[in-house]
Amino acid sequence: MKRELEKTTQRLYVVEEAEEKLCSQLGELESEALDQVRPLNEQLSHAQSLLKSVNSYSPNRFIKVSN
């Protein structure tokens, strides 16, 4: 029984170490993802602004429509 407890304790230690390593790796991946997304988000925002300005331009306002 004592031997089983020691094995279980050792396994628990290994699992906790693995969890800690995975959490650390996940944090690094999240940071890298944010670093990649920020410039893309800025480009998207700029593109949306350009589309709004193009869409607000109405070529019909310069064409005289006769009734």
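Keep in mind the model is a prediction, meaning the values are calculated, not measured.

1. Structural notes on the overall build of the protein
No. 1: Counting secondary structure elements, the protein contains one helix and zero strands.
No. 2: A burial count over the protein gives 0% of its 67 residues as buried.
No. 3: Here the protein displays about 6900 Å² of accessible surface, and carbon together with sulfur accounts for 58% of that area.

2. Quick word on a negative patch on the surface
No. 1: Taken together, the side chains of Glu16, Glu17, Glu19 and Glu20 make up a negatively charged region of the molecular surface.
No. 2: Assignment of secondary structure puts Glu19 in helix H1 (residues 2-56).
No. 3: Classification of Glu19 as partly exposed rests on a relative accessible area of 49%.

3. Some remarks on the pattern of salt bridges
No. 1: Throughout the structure, instances matching the rule amount to two salt bridges.
No. 2: The salt bridge partner of Glu6 is Arg3, with a shortest N-O separation of 3.5 Å. Taken together, the residues Glu6 and Arg3, both in helix H1 and three residues apart, mark about one turn of the helix.
No. 3: By relative accessible area, which is 40% here, Glu6 ends up partly exposed.
No. 4: Arg3 gets classed as exposed once you look at its relative accessible area, which sits at 56%.

The rules behind the values
- Residues numbered from 1 in each chain as written.
- Predicted model: local features only at pLDDT ≥ 70, side-chain atom pairs only at ≥ 80, totals over all residues.
- Heavy atoms only, no water.
- Helix = DSSP H or I, 4+ residues; strand = E, 2+ residues; numbered from the N terminus.
- Buried < 20%, exposed > 50% of the residue type's maximum accessible area, 1.4 Å probe, protein only.
- Areas by Shrake-Rupley, 256 points an atom, 1.4 Å probe, with all protein chains shown as cover.
- Patch = residues over 30% accessible without salt bridge, like charges linked within 9 Å, V, L, I, M, F, W, Y side chains within 5 Å.
- Salt bridge = Lys/Arg side-chain N within 4 Å of Asp/Glu carboxyl O.
- Lys, Arg positive; Asp, Glu negative; His and termini not counted.
- Charge placed at Lys NZ, Arg CZ, Asp CG, Glu CD.

Distances and angles like these do not, on their own, reveal function.
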